[in-house]
Amino acid sequence: MGQAYVPGLKVSERQIVHKERVLPLKGEIKVKIGDKVKASDVVAATNLPGNVELINVVNKLAITPAELGSCMLAREGDIISKGQMLAQSKGFFGYFKSSCQSPVSGTVENISSITGQVVLREPPIPVEVHAYVDGIVEEIHKDVGVTIKLQAAFVQGVFGIGGEVVGEISMISRGLEDEIVAREILPEHAGKIIVGGSFIVADALKKAVDTGVKGIIVGGIDAKDLRDFLGYDIGVAITGSEEMGLTMILTEGFGKINMAKKTYDLLSKHNGKQASINGATQIRAGVIRPEIIIPLKNIEEDKIKEAEIRKDVGLTPGKLVRIIREPDFGAVVKVKSLPVTLMKLESETMVRVVEVEHPDGSVRVVPRANIEIIES
């Protein structure tokens, strides 16, 4: 039986998920191995260095750098407040003195008699890392972070915007082909993650933000609507840092594309349950996919192990795949066979192909580069 490696997206009803939660700098770990944590719990914290403010004091006082030391009222290491006088000139016979006030609160870090500048450091910026998912602390990374283990339903999307949010799943469409329209977004959706079918329009995105919706999961969106919503074009850089008031995950891609039935059925099954989602996407090297994690409960330990050791065997007959090129872009089909010989395309290029069976029973041959596996 032939096998081949083809990149794929995961749509899994149950698997073990390991989430690393890491600080940007060394700090304090707030939990220990074996602790049960909630998504909102703080698991690690640190302080980032405050912003630096440079002040050219000699220019403000009209003095020379050599005179700076005798005019300074604050010394290195002093804690100062915004508006506090830092330095004052001697004036002319005690009159016509000039002064320099601090524009920020913080600490005097350096006074230079060479450049005449004073360096102020604003207070440290506290940073807290939350668990993001309900689970158990599996591993401690000393002074840096933790790994949290949980059993969950897990879905990867094709593209997303916005960062990590946690909320209740709310199905607002009646089928995987339905669009999300503005009138369907109601006040009771505030704080929730709404799930649609095939498409969302720009007006609905704006209504979701105004309503306080935390997240949107939908099949596709028009690229122009996304550009209008963001106010700029999405480039090839990593997404996830957008601050638009919500996180959105496209399960299929750009355009009106029905959400894959397996994905829609899985999300419908967990309607009303808590989910953690992250729209961060990177399509270049070091691929990052947007993710939907729905913690599961009351699963026996032996089933956890069974799920954990299950291996992905790559592309094999019977496996579900998604076609990612026209004319059948977005279609979820089943692998029928994997021909060994190369096939010549219209471009006269010789490529490896796969024979796939559509839901209506029709069979077609497509290049293997034009599909991605739907892993489970």
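What counts and how
Residues numbered from 1 in each chain as written. Predicted model: local features only at pLDDT ≥ 70, side-chain atom pairs only at ≥ 80, totals over all residues. Heavy atoms only, no water. Pairing = 2+ DSSP bridges. Helix = DSSP H or I, 4+ residues; strand = E, 2+ residues; numbered from the N terminus. Phe/Tyr/Trp six-rings, centres within 6.5 Å; stacked < 30°, edge-to-face > 60°. Buried < 20%, exposed > 50% of the residue type's maximum accessible area, 1.4 Å probe, protein only. pLDDT = per-residue confidence, 0-100. Contact = heavy atoms within 4.5 Å. Patch = residues over 30% accessible without salt bridge, like charges linked within 9 Å, V, L, I, M, F, W, Y side chains within 5 Å. Areas by Shrake-Rupley, 256 points an atom, 1.4 Å probe, with all protein chains shown as cover. Salt bridge = Lys/Arg side-chain N within 4 Å of Asp/Glu carboxyl O.

S.K.: I'd like a description of the sheet that holds strand S6 (residues 79–80), backed by residues and values.
M.R.: In space, the four strands of this open sheet follow the order S5-S10-S9-S6, with antiparallel pairing throughout. Among the strands making up the open sheet, the edge pair consists of strand S5 (52–56) and S6. In the sheet, S6 pairs with strand S9 (residues 106–111) via two bridges, with the strands oriented antiparallel. When the bridges of S9 are listed, Ile-79 appears paired with Thr-107.

S.K.: Quick rundown of the packing of aromatic side chains? Include the residues and the values.
M.R.: Evaluated as defined, the whole model comprises one aromatic pair. Residues Phe-159 and Phe-254 carry aromatic rings whose centres are separated by 5.2 Å and whose planes lie at 50° to one another, so their mutual orientation is tilted. Residue Phe-159 is located in strand S14 (residues 159–161), and its partner Phe-254 is located in strand S20 (residues 247–254); the two are separated by 95 residues in the primary sequence. The buried category is assigned to Phe-159, whose relative accessible area is 9%. You can call Phe-254 partly exposed: its relative accessible area is 38%.

S.K.: Give a description of the environment of Val-287 that names residues and reports values.
M.R.: Checked against the element boundaries, Val-287 lands in the loop between strand S21 (274–278) and strand S22 (291–295). Through-space distance from the C-alpha of Val-287 to that of Val-165 is 21 Å; in sequence the pair is 122 residues apart.

S.K.: How would you sum up the confidence of the model for the protein chain? Please name residues and give values.
M.R.: Taken as a whole, the protein chain shows an average pLDDT of 87; of its residues, 91% reach a score of 70 or greater. Below pLDDT 50 for its whole length, residues 1–5 participates in 12 contacts with residues either more than four positions away or in separate chains.

S.K.: Quick one: what's the story with the sheet that holds strand S2 (residues 28–29), residue by residue and with numbers?
M.R.: The strands that make up a sheet are held in pairs by hydrogen bonds between backbone atoms, and each pair lies either parallel or antiparallel. The sheet built from three strands is open, its strands ordered S2-S4-S11 with antiparallel pairing. Two strands lie at the open edges of the sheet, namely S2 and strand S11 (125–130), each paired on one side alone. Sheet topology places S2 next to strand S4 (residues 42–48); two bridges connect them, and they run antiparallel. Pairing of Ile-29 across the sheet is with Ala-44, part of S4.

S.K.: Before we move on, can you summarise the environment of Val-118 with the specific residues and values?
M.R.: Its location among the elements puts Val-118 in strand S10 (residues 117–121). Through-space distance from the C-alpha of Val-118 to that of Met-72 is 9.7 Å; in sequence the pair is 46 residues apart.

S.K.: For a nonpolar patch on the surface, give the residues involved together with the corresponding values.
M.R.: On the surface, Phe-92, Phe-93, Tyr-95 and Phe-96 cluster together to form a nonpolar patch covering roughly 620 Å² of accessible area. Considering the arrangement of structural elements, one finds Phe-93 in the loop between strand S7 (85–88) and strand S8 (99–101). The exposure class assigned to Phe-93 is exposed, which follows from its relative accessible area of 70%.

S.K.: Give a description of unusual backbone geometry that names residues and reports values.
M.R.: In the Ramachandran plot, Tyr-132 falls in the positive-phi region, its phi being about 75° despite a non-glycine side chain. Tracing the chain through its elements places Tyr-132 in the loop between S11 and strand S12 (135–141). Backbone geometry at Asp-143 places phi at a positive 65°, although glycine is not the residue there. In this fold, Asp-143 is placed in the loop between S12 and strand S13 (145–156). The class of Asp-143 is partly exposed, set by a relative accessible area of 30%.

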